[in-house]
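One letter stands for each residue in the lines below.
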Amino acid sequence: MTGLSDDDDRGGRPLDPLDALLRPAVEFLPVPPGSFQRIRRTAARRRRAKAAVSGGLAVVVVAGSLYLAGAFTAPGATVVVTPPASSGHYAPGPSSSGPAASASRTPVPAPSATTGSAQTGTARPSTGGRGTTGAVVPPVDPASTPMCATSQLTASLGGGDAGAGNVYRYLLLTNHSRTTCHLTGFPGLSMLDANGTQIGVPATQERIGYSPVVLRPGESASDTIHTANRQTNSSTECLPTSVRLRIYPPGNKASLLFPGQVTDCDDLFTVTPFTAGSTGNPPS
Amino acid sequence: MGGTAIRSQSQESAASELFAAFYPRLAGWCRRLVDDDGTAHEIAAEAFARLWARWGRVEEPRGFLFVTAANLVRDHWQKLERERRAYRRATTEERVKQQREETGDPSVRLLVQSLPERLRTPVLLHYYADLPVREVSVLLARNEGTVKSDLHTARELLRAQLGGRHDRTV
């Protein structure tokens, strides 16, 4: 120890109550099995999320300037800057609206500009059950597919991951129809009790970048639901655990109910946008 | 993404060494400040997660871990305090008092809670993370003399508080 004046103090007064305080008998807690790997995974996931956010910001900057340039040269183009999640006014008719129909509905100046518009639309989501109607959002359509309608989709909870008090569950949407379609952005997600009454507020959006996910028949997209473990014995810390979940697929006003147990503790109940695969977003 | 296999392998083993060497102590220290083993483990784990989520930008991991854990503990207390306030509205003062006394080791809590940030951090780094004054001064970008004087001031403040506390309990 190189503390100088402190050492003098200690030497002179062995019964100084400060010593018990400042030089406590070192106490060790054993390392819980598997905790190293768990914490490493959590940290890696956060690094990826950070990278996605900063990458997303760069896209916003670039796309924003492209969009401005496009807006000045083509004043006729209309792009509504809102996230497609649950604000879409899209009439579900996937088979009738073929490539031509959706192409005519989307006077989008450049694909990158629409990515930008999706990115900047980070206002609070009008999620689950509120029935709010946003502006009409032209579906981003990179593969000439229609947006997936609720009737084409099956929802389920997939695997998950947990660590350091955090719980991550993957939420899957599977295209059970015969038509290829796409999903873009966030779902509306809320928790229901056994009577079908909503618990708490809908999930908030965890703002990471996203792009359209094309779902061929039978394929799944997934996002990640993030909640926290109970930390104390306080009765007010956690809401009741859900029995079912209600999901509004991005851009849809019809919802799906499916069994799922999720507990919102410490007001942490967030959802990421959809990405391809069934291991959440960012995929693990 | 980013980083060769060799680099990430050596990172991994460095992380593993640090964890083995330091986790039990950090969790043990947290345990003195909170109610139960579970919370202590969660706080220690969260401190490590935050360290590794920004790996490469932390020059002194030990100091970072202790300061982070101290902040998490303080957040935990604040949350408990908010809950107690809500609880107090619904129940008797008596039970609230009981609950307060059960929380953690009061003398160590006193330390982290009562000191202003400027004094708390050097105390944590020097006494609990066992960093020599010179390293503390580098970490905090303060003179060694300033750190020594901060530590001295902190001791005097704590001594005064301890005295007051003993008077009250006797």
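In the block above lies the structure referred to throughout.
Residues numbered from 1 in each chain as written. Chains lettered and ligands numbered in written order. Predicted model: local features only at pLDDT ≥ 70, side-chain atom pairs only at ≥ 80, totals over all residues.

1. Let's talk about the overall build of chain B
So, point 1. Looking only at helices and strands, one finds eight helices and zero strands in chain B.
So, point 2. Listed N to C, the secondary structure of chain B is α-α-α-α-α-α-α-α in terms of helices and strands.
So, point 3. Buried positions account for 37% of the 170 residues belonging to chain B.
So, point 4. Considering only intrachain contacts with a sequence separation of at least 6, the fraction spanning at least 24 residues in chain B is 58%. (Helix = DSSP H or I, 4+ residues; strand = E, 2+ residues; numbered from the N terminus. Buried ≥ 20, exposed ≤ 12 C-beta atoms within 10 Å, placed from the backbone. Contact = placed C-beta atoms within 7 Å.)

2. Considerations on the overall build of chain A
So, point 1. A tally of regular secondary structure across chain A gives five helices and twelve strands.
So, point 2. Per-residue burial for chain A yields a buried fraction of 37% across its 284 residues.

3. Section: the interface of chain B and chain A
So, point 1. Taken together, the contacts link 39 residues of chain B with 32 residues of chain A.
So, point 2. Elements represented by at least two residues in the side of chain B that touches chain A include exactly helix H1 (5-33), helix H2 (37-53), helix H3 (61-90), helix H5 (106-114), helix H6 (117-128), helix H7 (133-140) and helix H8 (144-169) of chain B.
So, point 3. Per-element accounting of the side of chain B that touches chain A gives the leading share, eleven residues, to H2(B).

4. Quick word on the sheet that holds strand E4 (residues 188-192) of chain A
All names here are of chain A.
So, point 1. Taking strand neighbours across the sheet as the criterion, the four strands line up as E5-E4-E9-E10 in an open arrangement whose pairing is antiparallel. One side of each edge strand has no neighbouring strand; the edge strands of this open sheet are strand E5 (198-199) and strand E10 (256-259).
So, point 2. With five bridges joining them, E4 and strand E9 (residues 244-248) adopt antiparallel strand pairing. Considered in E9, the bridge of Leu-189 is made with Ile-247. (Pairing = 2+ DSSP bridges.)

5. Remarks on H6(B)
All names here are of chain B.
So, point 1. With twelve residues, H6 extends 15 Å from end C-alpha to end C-alpha; this agrees with the ideal 16 Å at 1.5 Å per step.
So, point 2. Counting buried residues in H6 gives nine out of twelve residues, a clear majority hidden from the surface.
So, point 3. Among the residues of H6, those classed as buried are Arg-120, Thr-121, Pro-122, Val-123, Leu-124, Leu-125, His-126, Tyr-127 and Tyr-128.
So, point 4. Positioned one or two residues after H6, Asp-130 has a phi angle of 60 degrees, which is positive. (Expected span 1.5 Å × (residues − 1).)

6. Side note on the nonpolar core
So, point 1. With 45 residues, the main nonpolar core has Cys30(B), Ala44(B), Phe48(B) and Ala69(B) as its most contacted residues.
So, point 2. Of all the secondary structure elements, the ones that give two or more residues to this core are helix H3 (35-73) of chain A together with H1, H2, H3, H5, H6, H7 and H8 of chain B.
So, point 3. Structurally, this core is a two-domain feature, drawing no fewer than three residues from each of domain 1 (15-105) and domain 2 (115-170) of chain B.
So, point 4. In this view, Phe48(B) contacts Ile39(A), Phe19(B), Tyr23(B) and Leu65(B); residues no more than four positions away in its chain are not counted. (Core = buried A, V, L, I, M, F, W, Y, C linked by C-beta atoms within 7 Å. Domains from an automatic or database assignment.)

7. Comments concerning the environment of Cys265(A)
So, point 1. You can see Cys265(A) is positioned in the loop between E10 and strand E11 (269-271).
So, point 2. In this structure, the C-alpha to C-alpha distance between Cys265(A) and Thr236(A), residues 29 residues apart in sequence, is 8.7 Å.

8. Focus: the packing of H6(B) against H7(B)
Residues and elements named next belong to chain B.
So, point 1. Relative to each other, H6 and H7 sit at 140 degrees, their axes nearing to 9 Å. Accordingly, the angle class assigned to the pair H6 and H7 is oblique. Where H6 crosses over H7, the handedness of that crossing is right-handed. Between H6 and H7, the residues in contact are Thr-121, Pro-122, Leu-125 and His-126 and Val-133, Val-136, Leu-139 and Leu-140, respectively.
So, point 2. Of the residues contributing to the contact of H6 with H7, the split by class is six nonpolar, two polar and no charged. (Axes fitted to C-alpha atoms, helices over the stretch in contact; angles between N-to-C directions. Parallel < 35°, antiparallel > 145°, perpendicular 65-115°, else oblique. Left-handed = near helix turned anticlockwise from the far one by under 90°. Nonpolar A, V, L, I, M, F, W, Y, C, P; charged D, E, K, R; others polar.)

9. Considerations on the environment of Asp267(A)
Residue and element names in this part refer to chain A.
So, point 1. As for its placement among the helices and strands, Asp-267 is situated in the loop between E10 and E11.
So, point 2. Of the residues examined, Asp-267 has 14 C-beta atoms within 10 Å and is grouped as partly exposed.
So, point 3. For the pair Asp-267 and Cys-238, spaced 29 residues apart in sequence, the C-alpha to C-alpha distance is 7.8 Å.

10. Some points on the environment of Ala162(A)
So, point 1. Structurally, Ala162(A) can be placed in strand E1 (residues 153-163).
So, point 2. Judged by local crowding, Ala162(A) falls into the partly exposed class, with 14 C-beta atoms found within 10 Å.

11. A look at unusual backbone geometry
So, point 1. The peptide bond linking Asn281(A) to Pro282(A) adopts the cis configuration, its omega dihedral lying at 0 degrees.
So, point 2. Positionally, Pro282(A) belongs in the segment after strand E12 (275-276).
So, point 3. Phi angles above zero are rare outside glycine, and Asp267(A) is one such case at about 55 degrees.
So, point 4. The residue Ala141(B) is not glycine, and still its phi comes out positive at about 55 degrees.
So, point 5. Under the C-beta neighbour-count criterion, Ala141(B) is labelled exposed, with 7 such atoms within 10 Å.

These values are about where atoms sit, not about what they do.
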